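# Remarks on the overall topology
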Amino acid sequence: MIPANLPIDFHAIAPQLVMAGTLFLVLIVDLFLPNDRKHASMPVAFLGATGALIASLTLIGADRATFGGSFVVDDFTVLFDVFFSLAAMTILALSYRYVRDGRTFQGEYYFLLLCSFLGAMTMGGSRDLLMLFISLELVSAPAFLLSGLRKSDPRSNEAALKFFLISVLSTAVMLYGMSLIYGVTGTTRLAGISRALAGPEAHSNLALAAVLFVVAGFAFKVSAFPFQFWAPDTYEGAPVPVAAYLSVASKAAGFVGLLQLMFAGFLPVAHFWAPIFALLSLFTMFMGNLVALQQRQVVRMLAYSSIAQAGYMLLPFALAGSSASVNRAAFSSVVLYILIYAAMNLGTFAIVIGMSRESPSVLITDFSGLGRRFPAIAVAMATFLVSLAGIPPTAGFWGKFFIFTAAIDRGGIGTWLAGAMVLNSVISLVYYLAIVRAMWLDPITEPVRPIRLPALVTVVAMVAMVWVLLIGVFPDLAAHFPPFTVLAAGP
Amino acid sequence: MSGWDTWALTLAVFLPAAGAVLIAVVPSKDDRTPRVLALVFSGAALAVGIAMLFGFDYGAAGFQFTVNASWISAIHATYHIGTDGISLPLLELTLLLSFLCAVYSYRILPSPGRPRAFLALMLLLETGMAGTFVALDLILFFVFWELVLVPMYFMIGVWGSSNRQYAAIKFFLYTLFGSVFMLLGFIAMYVKSLPHTFDIVALQHQAAVAPFARNVQLLIFAGIFLGFAVKVPLWPFHTWLPDAHTEAPTVGSVLLAGILLKMGGYGFIRIALPILPDAAKVWAPIIAILATIAIVYAALACLAQSDLKRLIAFSSVGHMGFVMLGIATLSAVGINAAIFGMVAHGIITGMLFFEIGSIYDRYHTRQIAELGGGMLLKVPLLGFVFAFTAIASMGLPGLAGFWGEVLSLFSAYAPASEHIALFRTLMVFGGIGTILTAGYILWTIQRVAMGTVPQARVDEPVADVTRIEWLAWVPMLAGILILGLIPRLVTGVTNDAVTVLTRVFIR
């Protein structure tokens, strides 16, 4: 369609360029830093992420395309560029103390983290199978290394290896699916695929199988059932900030890719894949919540919790294809949920990272008496947990609310899925409250020792708490974000 | 005056929340500051409430003191609040009871103390409860409704008695379970309404002009029924209540029994009946049967209790059964009776929980057998107050408990439902329930207040009612007497609004 020799629109990819420049800079800076000052690469990385944020902000309202239309900048792209820049800044802030105390591969850590974020940032604009694939791999590959960064710990090695093997397998399946789609539709561009699938190809079994394969690849990325079992082991073994990264940014990137794929590319065959997502969603949320009930270790519990949350985010996909207004509602509800989930989950992980300095394995019992030891942090933690359970007046409630609204608007299967999700919210409350109970309700046996958290961690937790409560009371602030752009309107 | 009209309700609802925030952030070395702040802010909210009583137009049936500001444009949810004859008595009850709890807490706090946290939660709870009664937007209603869960969870879980953790989580899970289905019902109302709206007033208008299809109504009613029935609680959804009420600290029990339960009954009257009239007609006999089972079951359960607090907790199930029976008749008399019953039960049972708290503080037991009787001799004033309130709870004519029960039974004689024979049968069973109620109340009074002081307690120094207790209790005791003598104080307020509301059900 568009000749490939068009000049590259550098403004459109400015955030990604800044990010890419920064990560090389980090690598070089690290080379020249003396061993005891390696932690200084964090501010460099942080400034770079801030630069990427500013670059993304300059693109607000833009409608650009480059690389012959494979990379598009619209409201959706800008929203997630901003989102991932902010997430990068947050994760960097949370990592600082943790990585510095660990004294291992600090420069490499920040380099790999930014690499992975670069992948996440290219995801939002990818309107082409190849671009999506590259983005997804750019997110995943550094993450394998990050999970295995605690080289001396066998669990960290296990985390990385498991993550790597399952990822490679699912990538292979996905790539196969993509090649089949190219074979059937003759294009890798999402818009073109959509056009082709709307035609007679819609009922070709090959096309449907291809869609299924691609979905499987992304299901791994967002840790959906039955591709979820790497998540708990990987989260547990990886450094805690990496677990935070995986559960928030990497998962969000998976969903961003999935949204574009399903709503921009495969929408014409929604009648085929929507029921698959209904099953995926149901199994994922039930499995995540029921297993989370039995966890004693906080990071593992949060891993299962994030699987369950992925189940909630998969639900709107099951609603697609019934009408344009339902499509729009479903699409927006996922976007909104990602934004809200990121804030509350990052907040939770911030506190867990802070607690892990005192007790590296972070059991639920380690939270005992936190209500006396550091009341502000305990209140923040309780806010995040209540928000994750979806109780007003917190942001998490609105995340769920808009999914419910889309589901009930859909009617039929949507109503039943909403019912299942409602049940799951109640189940999830049990294990979220387990931490709340430890913080306040459990009798304190030993004298109260104040606990100190790294300043950056405290700041992140407080900002996240304010955000979660602010959105909880004035959801209008967030309701404007989800743009159901040209992207999802389809051809 | 217009400024006052628009701000009064918002002030009454959010003053306590502001107080809660202030208590939480103001550093205080001594324990006095939070108590004073709680007193000031709940007192100010009550003052606003009392001032509203004078500005309220009792002749009008519509909503007054309304505010309708935009809130969530994406779903057309608004900050729409207002009060009418139905919600005003319950709002005033909330403000009064919360203030009296603040008075009581000025001196008496449950172990492990920590007044800042306790009072901040109590005020937050007040905002949630008051907001529920004035919200005219389903989403706003839901947010206030859920706002009470977290403070009450902590109140039971931290300050409760021995089995508190179990009771706290049970309370939270049960209520959440009901209310999430209620939320789905609300969303379904939004989706089915044209134009889409969460506004209760607009939905009521739509119901009058073009009601939802019957099947849709039945399904939505099922969802919101679950939410309200758990809260009321209606048999067989009541099992969280005895645990929560028994384990909660005194103030928690007072607010639970006095106000929280009323949110469920109010929800039926405000939302379920007017918006889903056809479904209400279908569901009414079912609700009436469950309500009557609750009455009889609770009375029998009370006869079997050995723990005084648990006994009163079960008696709440029975009293709310009368309320629900009144609502299920769908008649003006029945709903008036229900609102009166809720107000009366709020004062009487709230008062009983206060007294049990004070008895426990003195005797360190709630077991009727261990109390051993003779309270009228040992602590005559406390014994008298307890006997007085218990008799009011029994429904003695001349005291507040009488009107709610008797009007509810009357209304079952002439329900607006076509199942007249059923309702009249239920009336008979309800009557048997009142006899059983009289039985367990009198037996309890006999075992606790009358008789001689047991040998072990003769020399035990036990203080009679203290000054702070009198301060908290006298308004309630007076209320029991005044409402019993002049029931028009409530029914006069409610009747016009109720008559309008029940017009659709008149055959």
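About the cut-offs
- Residues numbered from 1 in each chain as written.
- Chains lettered and ligands numbered in written order.
- Predicted model: local features only at pLDDT ≥ 70, side-chain atom pairs only at ≥ 80, totals over all residues.
- Helix = DSSP H or I, 4+ residues; strand = E, 2+ residues; numbered from the N terminus.
- Rg over C-alpha atoms; globule rule 2.2 N^0.38 Å.
- Buried ≥ 20, exposed ≤ 12 C-beta atoms within 10 Å, placed from the backbone.
- Contact = placed C-beta atoms within 7 Å.
- Core = buried A, V, L, I, M, F, W, Y, C linked by C-beta atoms within 7 Å.
- Pairing = 2+ DSSP bridges.
- pLDDT = per-residue confidence, 0-100.
- Nonpolar A, V, L, I, M, F, W, Y, C, P; charged D, E, K, R; others polar.
- Axes fitted to C-alpha atoms, helices over the stretch in contact; angles between N-to-C directions.
- Parallel < 35°, antiparallel > 145°, perpendicular 65-115°, else oblique.

### Overview of the overall build of chain B
Looking only at helices and strands, chain B features 21 helices and two strands. The C-alpha atoms of chain B give 22 Å as radius of gyration, which agrees with the globular expectation for 507 residues (23 Å, within 12%). Judged by the C-alpha coordinates and their principal axes, chain B covers about 70 × 60 × 40 Å. Scored against the burial criterion, the 507 residues of chain B give a buried share of 63%. Sequence separation of at least 24 residues holds for 80% of the intrachain contacts in chain B that already meet a minimum separation of 6.

### Considering the nonpolar core
Formed by 413 residues in total, the largest nonpolar core has its most connected members in A:Leu114 and B:Ala272. The element contributing the most residues to this core is helix α13 (residues 324–356) of chain A, with 21 residues. The contact partners of A:Leu114, leaving out residues within four places of it in the chain, are A:Met19, A:Thr22, A:Leu23, A:Val26, A:Ala45, A:Gly48 and A:Ala88.

### A look at unusual backbone geometry
Both trends apply: most residues other than glycine have a negative phi, and most peptide bonds are in trans. Here the amide bond leading from A:Pro392 into A:Pro393 is cis, since omega sits at 0°, within 30 degrees of zero. With respect to the helices and strands, the residue A:Pro393 is situated in the loop between α15 (375–389) and α16 (395–410). Cis geometry marks the peptide bond from B:Trp235 to B:Pro236; its omega dihedral reads 5°. Within the element layout of this structure, B:Pro236 appears in the loop between α9 (214–231) and α10 (240–247). Residue A:Ser223 is not a glycine yet carries a positive backbone phi of 55°.

### Quick word on the pairing of strand β1 (residues 64–72) of chain B
Residues and elements named next belong to chain B. Where β1 lies against strand β2 (residues 77–83), six bridges are found, and the strand directions are antiparallel. Looking at the pairing, Gln 64 lines up with Thr 83 of β2. Connecting β1 to the antiparallel partner β2 that follows it, the hairpin turn spans four residues, and His 76 within it adopts a positive phi of roughly 55°.

### What about the confidence of the model for chain B?
All names here are of chain B. Summarising the model, chain B shows a mean pLDDT of 89, and 99% of its residues fall at 70 or more. Mean pLDDT in chain B bottoms out at helix α15 (residues 368–371), which sits at 83, and peaks at helix α5 (residues 138–147), which reaches 93. Both confidence scores are given for the complex: pTM 0.91, ipTM 0.89.

### With respect to the interface of chain B and chain A
With 27 residues of chain B at the interface, the matching set in chain A holds 22 residues. Secondary-structure elements contributing two or more residues to the side of chain B that touches chain A are β1, α5, α6 (149–159) and α7 (164–192) of chain B. Residues that form the side of chain B that touches chain A fall into these classes: 23 nonpolar, three polar and one charged.

### Describing the packing of helix α12 (residues 298–314) of chain A against α13(A)
For any two helices packed against each other, the geometry comes down to the angle between their axes and how far apart the axes lie. Residues and elements named next belong to chain A. Contact geometry of α12 with α13 gives a least axis separation of 11 Å together with a crossing angle of 175°. It follows that α12 is roughly antiparallel to α13 by the angle criterion. Contacts between α12 and α13 involve Val 298, Val 299, Leu 302, Ser 306, Gln 309, Tyr 312 and Met 313 on the former and, on the latter, Val 334, Tyr 337, Ile 338, Tyr 341, Asn 345, Thr 348 and Val 352. Split into classes, the residues belonging to the contact of α12 with α13 amount to ten nonpolar, four polar and no charged.

### A look at the environment of B:Ile259
Residue and element names in this part refer to chain B. In this structure, Ile 259 sits in helix α11 (residues 250–275). For the pair formed by Ile 259 and Ile 347, sequence separation is 88 residues and the distance between their alpha carbons is 9.2 Å. Excluding residues that lie within four positions of it along the chain, Ile 259 makes contacts with Leu 93, Thr 94, Leu 97, Met 129 and Gly 346.

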